Each structure stands twice: as structure tokens, then as C-alpha cells.
Amino acid sequence: MIFIFVVIASFTLLLYLHVTRNFHYWKKRNVPYLEPTAFFGNFFPVCSRKQMIGDFYKTIYNSKRTEYVGFYTFDQPCILIRDPEIIKNVMIKDFHNFTNHAVTYSKDDKLSANMLFFTANSKWKTLRRYFSTTYSSAKLKNMFGTIAERCDGVIRHVDEVSKNEIDCRDFAMRYGVDAISACGFGIKADALQKESAFFKMTKQLSEMATSMAAFFVAPILVEVFKLKFFESQAAHYLKDIFVSITEKRKKCEYVQRGDLIDVLLQLEQDGHSVDENLIGGAAMQFLFAGFETTGTTISFALYELAMNRSVQERLREEIRSLCGGKNKISYEMISQMGYLDMVLKETLRKYPALPFLDRRSKASYKVPGSDLVIDKGVNVYISSIGLHYDENYFPNPYKFDPERFASKQNPWVYMPFGNGPRKCIGSRFAELTVKTILVKLLLNFRVKPSPETPYRITFEKNGVLLAPEGRKLYLNFERIHPKCT
């Protein structure tokens, strides 16, 4: 019995020493840090689902008033940057050392290996150069008619169900799928139809929300359990569709659409290897990165407009004044709506879809003007939501106040789409799709709180992207006559 006790005690001690072996890392370097606990480091609130990962980084941001804060993800030392000038160095000036994200994918996950978000170094640079042409100004203008048509479908849908309170996040995500599928791939998804298989599978992509966090913070779990970033059934279904579309375009003469499929064909014509995993990975990146973030942003914007009636009325007045008596909107009109732009920017300040940014140091890096050295392989984090709620930059941060953006904000404290060479390439498309549906909805409906509307938004604990708790957001829509297009 004594022998067994000694063995167990020795094993426990050795295990404890192993999992805490790095816990003096930041102290030795004289870096302000959070005191870790065995096994979890500082990550227990996320593991126990008490906090979503974005709130976790926001808590770290608020824990100190220093330029940076050291912390531990399990046993790995990480650092969160708070100072805008250092953030600028990481994102722009010294980007060559922080080119890659801190995410990991399994070697068996061929689709993730071909997603722009996961790719690194030269492969990322090549794909980024090609894919960024998808959303040029000229192409966005050409897409506007397609986007507006999808908005009209939303108006008809809301008209049909407006007697009841509506989960606006649901129809907003369906609209996002319709707009991205049509503009990006030439697909008619019919996502507003309840039986839409395409929407069902697209939504299913993100249903592995809990395991998604592991790709950002627990590479060993990803490798050991061979985790896939996307749900397998949905991924294979959608990949087959995208590959089929690409093959059909190869075999026939067609008028170029200038969409992602055309970009992939051009990539192949220029001598790059384009297989079905690259087609599937690239297409699903565009779809996944766009539909949920766009839908959630729309629903949060509608929520704030419902809760701030004066803002809604002022925005509606701007829309009507630019539309005149025609009740029709155009790309140029959207571009001229200054208050609409302010409303969207304030929505993205309060609710950045991806509430943190991440990079991995490629080599030992001394922060200019500081004693801090970030070692090779250390993960660097920036809490965009922490910056967005910092009273030093945004006074009274919980108030929805579009007037903040009457003047230009510091781009290193306001980063809803990231910044630098890794900034989201679809940001302008996302802004256009959100603005267009908001204009259409406000011309046709007054948005009001319903009995199910929360007084204050709380976030879903699972997953990486911001979402309202329960992943639903109910509002009432009151018809304004006459109908407007």
C-alpha cells in the first residue's frame, strides 16, 4: 500500500512539475503577467465555458494598464499587446516577423490547409495576391444589383412573417449565404427557403464551435484527435458543389463573372497547382468567413437601431433624403450615406465579429523602444474588443453612439477587420452587403424591440466568433407604406 501511494505521489509530482515548467517564463523576463494555475495556465474560464474566448482576451486586456501582459494558455507562454504603437509594429512595420496566424490545423485536414486564414508564408502571399482581386471597387459596383435582388427577397420574407417577432439573426445569415453564394460562386442558394439544403449545410459548417477554439489555443488536441475545422458531412457536400462548378466552367465558353471561381481558374492557368482541396478550402473560407459574420453584424445593427429610436429615425431620414421620391437605391447612394457608415462603424466597434487578432513570432524579436523580447514561436494576441471598449479611446464605451465616427479614429485601436497585410480581404464586400440590407429594411420597416429582446447583449460562450447568447436575436418589424425598392 505504501509503495502504491509513493508511486502515485511521485507521478503526481512529476506531472505537476511538467505542466508548470514554463510558469516562470514571464517573471524571469520581468514582464507583467497573470498568475497561472496548474494544467490550465490562465485558460480555465474558457475551458469551463464561463467565458467565450474573445471575452477572455478582453479580461486580460483589462487586467493591467501596461503596454503588454504575459499570460499562459495551458503551459504555453503567450503575450497580449495593449499599446497601439507596438500593435502597429506587429501588424505593419515588422510584419515580416509576424506574417502567420497562431492557429494550427491537423495534417489530415486538407481543406483547412488550403484556407487563406490557415496558410502561411509564400503560399499565403500567392493566394492573397490572387484572391484580393475578387473584391475590387469595379467588381463591387457590378455586384450591387445582385446584392440588392437578395435584399428584396429578405423584404418579402419579413413581410410574410412580420406579424410575429422575428429572429433577425436567422434571416440575416440566410441573406448572407444568398449574397456570398451569388456574388462569389454564381450559385442560387435560395437560403431564405426553409428547406434550402445549401443553407443547411453551410450553417452546419460552424456547428463544431467548441472544437474550433482548439485550433487557436490547443494544437496538441488538434493533432492528437485529428480535429477537422469544419463538420465533415457539410464540408464534403459543399466541396463537391464548388468542384463541380469549377469543372463546368473549364469545359465551356462563358462570360467571365470575375468571382472566386474565375480567380481559381486564373490561378491554374498561371501555372499554380489547383486541386479539389484548394477549390473547396478557398470557397469555404469565403463562405464561412462571410455568412455568419455578416449575419451577426446585421442583427446587432438592427438590435441597436431598435433600442435607439432616435438613431434609427435619423438614419431613415438620411436614406429617404438621398433616395428622393424614387424609393430606389443605387451603389452611388450607398456610398454617399455618411450617417449609415457611422452606424455600421459603431456596430462593429461594439460587436467585432472576430474579437481578437493573433500572430506567431517567426524569430526572436525585440520590441522597439522596450526591453521586451518576444521569442521565436511565442503567440501574440491583440484584443480588438478590449481596445474597442477602452474608455481612453472610446468614452462611455457601452453607449451606442455613431457620432464617435464623425471624425477618423486611430486605426490601431479600431480594428473590426484586422489591419495590415492580413486584414480581411472581404471587408468592403461585407460592408456593402450590410449597408444595403439596412437601407432596404429601414425604407420598409420600423424596427422595434420585442418581448424576447434582451435589454443588454450577452455573448454565446462557445465558439470563436461573437454571437448573441442562444444564437438568436428577436425583434419586431412594423411595415412602413408604401413598399420601397
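The structure under discussion appears in the preceding block.
Residues numbered from 1 in each chain as written. Predicted model: local features only at pLDDT ≥ 70, side-chain atom pairs only at ≥ 80, totals over all residues. Heavy atoms only, no water.

*Asks:* Sorry, what's going on with the layout of surface pockets here?
*Replies:* Unoccupied space between atoms shows up once a probe the size of one water molecule is rolled over them. Of the voids in this model, the largest pocket is the one considered here, and its volume is about 600 Å³. When contributions to the lining of the largest pocket are tallied by element, the ones reaching two or more residues are α7 (137-161), β3 (166-167) and α8 (168-185). Residue contributions to the lining of the largest pocket peak at 7 residues, all from α7. Classifying every residue of the lining of the largest pocket by side-chain character gives 9 nonpolar, 4 polar and 12 charged. (1 Å grid on protein atoms, 1.4 Å probe; cavity = no way out; pocket = protein on both sides within 12 Å on 5 of 7 lines; lining within 4 Å. Points joined across faces, edges and corners; volume = space filled by probe spheres on them. Helix = DSSP H or I, 4+ residues; strand = E, 2+ residues; numbered from the N terminus. Nonpolar A, V, L, I, M, F, W, Y, C, P; charged D, E, K, R; others polar.)

*Asks:* Looking at this model, I keep getting lost on the nonpolar core. Mind explaining?
*Replies:* Across soluble globular proteins, nonpolar side chains have a tendency to be buried as a group. With 166 residues, the main nonpolar core has F131, F171 and F477 as its most contacted residues. Counting residues per element, this core draws most heavily on helix α14 (residues 276-307), which supplies 16 residues. For F131, the residues in contact, after removing those within four places along its chain, are L116, L260, V263, L264, A282, F286 and I425. (Core = buried A, V, L, I, M, F, W, Y, C linked by side-chain atoms within 4.5 Å. Buried < 20%, exposed > 50% of the residue type's maximum accessible area, 1.4 Å probe, protein only. Contact = heavy atoms within 4.5 Å.)

*Asks:* Looking at this structure, I do not really get the pairing of strand β2 (residues 76-81). What am I missing?
*Replies:* Most of β2 is tucked away, with 5 of its 6 residues classed as buried. Bridging between strand β1 (residues 68-73) and β2 involves 6 bridges; their strand directions are antiparallel. In the strand pairing of β2, Y68 is matched with I81. Inspection of the sheet shows β2 paired to strand β7 (residues 379-382) by 3 bridges, in the parallel sense. Bridged to L80 within β7 is Y381. (Pairing = 2+ DSSP bridges.)

*Asks:* For this particular structure, what's the right way to read the side chain of K350?
*Replies:* Along the chain, K350 falls in helix α17 (residues 338-350). According to the relative accessible area criterion, K350 is buried, its value standing at 8%. Ignoring sequence-local partners within four residues, the contact set of K350 consists of E304, I385, Y389, P397, Y398, K399 and F400.

*Asks:* Honestly, the pattern of salt bridges in this entry has me stumped. Any pointers?
*Replies:* Any two side chains of opposite charge can pair, so long as their charged atoms come close to each other. Taken as a whole, this structure holds 29 salt bridges when the rule is applied. The shortest N-O distance in the salt bridge between E313 and R316 comes to 3.0 Å. Residue E313 and its partner R316 are located together in helix α15 (residues 309-323), separated by 3 residues, close to a single helical turn. Judged by its relative accessible area of 1%, R316 is buried. When the shortest N-O distance is used, the salt bridge between E346 and R404 registers 3.0 Å. With E346 in helix α17 and R404 in the loop between α18 (384-388) and α19 (427-444), the pair connects residues that are 58 residues apart, well separated along the chain. When its relative accessible area of 11% is taken as the criterion, R404 is described as buried. (Salt bridge = Lys/Arg side-chain N within 4 Å of Asp/Glu carboxyl O.)

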